[in-house]
Amino acid sequence: MENAKKQLIKMFFDENAVLFGHFVLASGRESDYYINVKKLTTKPEALKLIAELMVNEIRKRGIEFHRVAGPELGAVPIATALSLETGRPLVIVRKKPKGHGTGSQIEGEVGPDDRVLLVEDVTTTGGSVLRAAEVIEREGGRVVGVMVVVDREEGAEERIGRRYTFVPLIRVSELLSERSPNKVKNGQNKREPQM
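Below: a short report on this structure. (Residues numbered from 1 in each chain as written. Predicted model: local features only at pLDDT ≥ 70, side-chain atom pairs only at ≥ 80, totals over all residues. Heavy atoms only, no water.)

With that out of the way, let us pick up the overall build of the chain. Scanning the chain from terminus to terminus reveals seven helices and 10 strands. Scaling as 2.2 N^0.38, a compact globule of 195 residues should have a C-alpha radius of gyration of about 16 Å, and the chain matches this with 16 Å. Along the longest, intermediate and shortest principal axes, the C-alpha atoms of the chain span 50 × 35 × 30 Å. Taking contacts inside the chain between residues at least 6 apart in sequence as the whole, the part at least 24 apart equals 67%. By element, 46% of the accessible surface of the chain is carried by carbon and sulfur atoms, the whole surface being about 9,600 Å². The average position of the 31 basic charges and that of the 28 acidic charges among the side chains of the chain differ by 2 Å. (Helix = DSSP H or I, 4+ residues; strand = E, 2+ residues; numbered from the N terminus. Rg over C-alpha atoms; globule rule 2.2 N^0.38 Å. Contact = heavy atoms within 4.5 Å. Areas by Shrake-Rupley, 256 points an atom, 1.4 Å probe, with all protein chains shown as cover. Lys, Arg positive; Asp, Glu negative; His and termini not counted. Charge placed at Lys NZ, Arg CZ, Asp CG, Glu CD.)

Dropping the structure here:
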């Protein structure tokens, strides 16, 4: 699976999913780089590879779960791919309750004592993942782990790790160590969501 991880890192650069410039992240922090996992999760081969790497980590760590969940928007394709790969039902966590119908903040079902694996595309401070975990737990579910494609290594692991098993597929230091001038695209001065 080490080769699969290297392949995923290569895809980040092949798809120009690592940008350099000035960015304001969803956490409010400023950064000189931006990791756009959505550039990969819109490509079937990359999305399948992410799901396979997650399944490998699940097996290696012995994580047992009944449902896979992802907060909207970036984690939804990842959670869907993992749901298909594992045969576990999918749960989508909205950022806020919908303003019509049932007013639910969850699409899919979470029952009492359901073990839920929460996935995310990128973590910075971990705030959005922790908010999604609270929504799941209010419904009676039990979050048994948080898996992320890329951890920016800016506090998410410490914050999330206090309550849950935290599993990043790639740490940003691993990703950026592969940086070379011909592998990256310069970004613009942008405000991009990244938590």
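Our next topic: the pairing of strand β8 (residues 166-171). Taking burial as the measure, the six residues of β8 include five buried ones, the bulk of the element. Sheet topology note: the strand β7 (residues 142-151)/β8 ladder contains five bridges and is parallel. Following the sheet pairing, Val146 is matched in β8 by Phe166. (Buried < 20%, exposed > 50% of the residue type's maximum accessible area, 1.4 Å probe, protein only. Pairing = 2+ DSSP bridges.)

Judged by nonpolar contacts, the single largest core of 41 residues is most densely connected at Leu8, Phe12, Ile35, Met54 and Val149. Top element by residues in this core is helix α3 (residues 44-61). It accounts for nine residues. Other than its neighbours up to four places away in sequence, Val149 contacts Leu8, Phe12, Val37, Ile50, Met54, Ile78, Glu120, Asp121, Leu169 and Ile170. Among the nonpolar cores identified, the runner-up in size contains 20 residues, and Ile136, Val143, Val148 and Ile160 belong to it. (Core = buried A, V, L, I, M, F, W, Y, C linked by side-chain atoms within 4.5 Å.)

Following both chains from N to C, one finds helix α1 (residues 2-14) and α3 inclined at 145°, their axes separated by 10 Å at the closest point. As for the relative orientation of α1 and α3, their crossing is left-handed in sense. Residues Ala4, Lys5, Gln7, Leu8 and Met11 of α1 form the contact with α3, whose own contacting residues are Glu45, Ala46, Leu49, Ile50 and Leu53. By residue class, the composition of the contact of α1 with α3 is seven nonpolar, one polar and two charged. (Axes fitted to C-alpha atoms, helices over the stretch in contact; angles between N-to-C directions. Left-handed = near helix turned anticlockwise from the far one by under 90°. Nonpolar A, V, L, I, M, F, W, Y, C, P; charged D, E, K, R; others polar.)

Quantified by volume, the second largest pocket comes out at close to 230 Å³. Lining the second largest pocket are 14 residues; nearest its centre among them are Lys5, Glu57, Lys60, Pro168 and Leu169. Grouping the constituent residues of the lining of the second largest pocket by class yields six nonpolar, one polar and seven charged. (1 Å grid on protein atoms, 1.4 Å probe; cavity = no way out; pocket = protein on both sides within 12 Å on 5 of 7 lines; lining within 4 Å. Points joined across faces, edges and corners; volume = space filled by probe spheres on them.)

A few words now on the pairing of strand β1 (residues 18-24). With five of seven residues buried, β1 is to be regarded as a mostly interior element. Across five bridges, the pairing between β1 and strand β2 (residues 30-35) is antiparallel. Along β2, the bridge assignment pairs Phe23 with Ser31. Where β1 folds back onto β2 in an antiparallel hairpin, the turn is made up of five residues, including Gly28, whose phi is positive at roughly 95°.

Attention shifts here to unusual backbone geometry. Trans peptide bonds make up most of the peptide bonds, and negative phi angles are found at most residues other than glycine. In this model, Glu72 is joined to Leu73 through a cis peptide bond whose omega is 0°. Secondary-structure assignment places Leu73 in the loop between β3 (67-71) and α4 (76-86). Backbone geometry at Asn16 places phi at a positive 55°, although glycine is not the residue there. Considering the arrangement of structural elements, one finds Asn16 in the loop between α1 and β1. Looking at Asn16, the relative accessible area reads 25%, which means it is partly exposed. Even without glycine at this site, Asp113 takes up a positive phi of about 70°. For Asp113, the location among the structural elements is in the loop between β5 (106-107) and β6 (115-123). On the basis of relative accessible area, Asp113 is assigned to the exposed category, the value being 62%.

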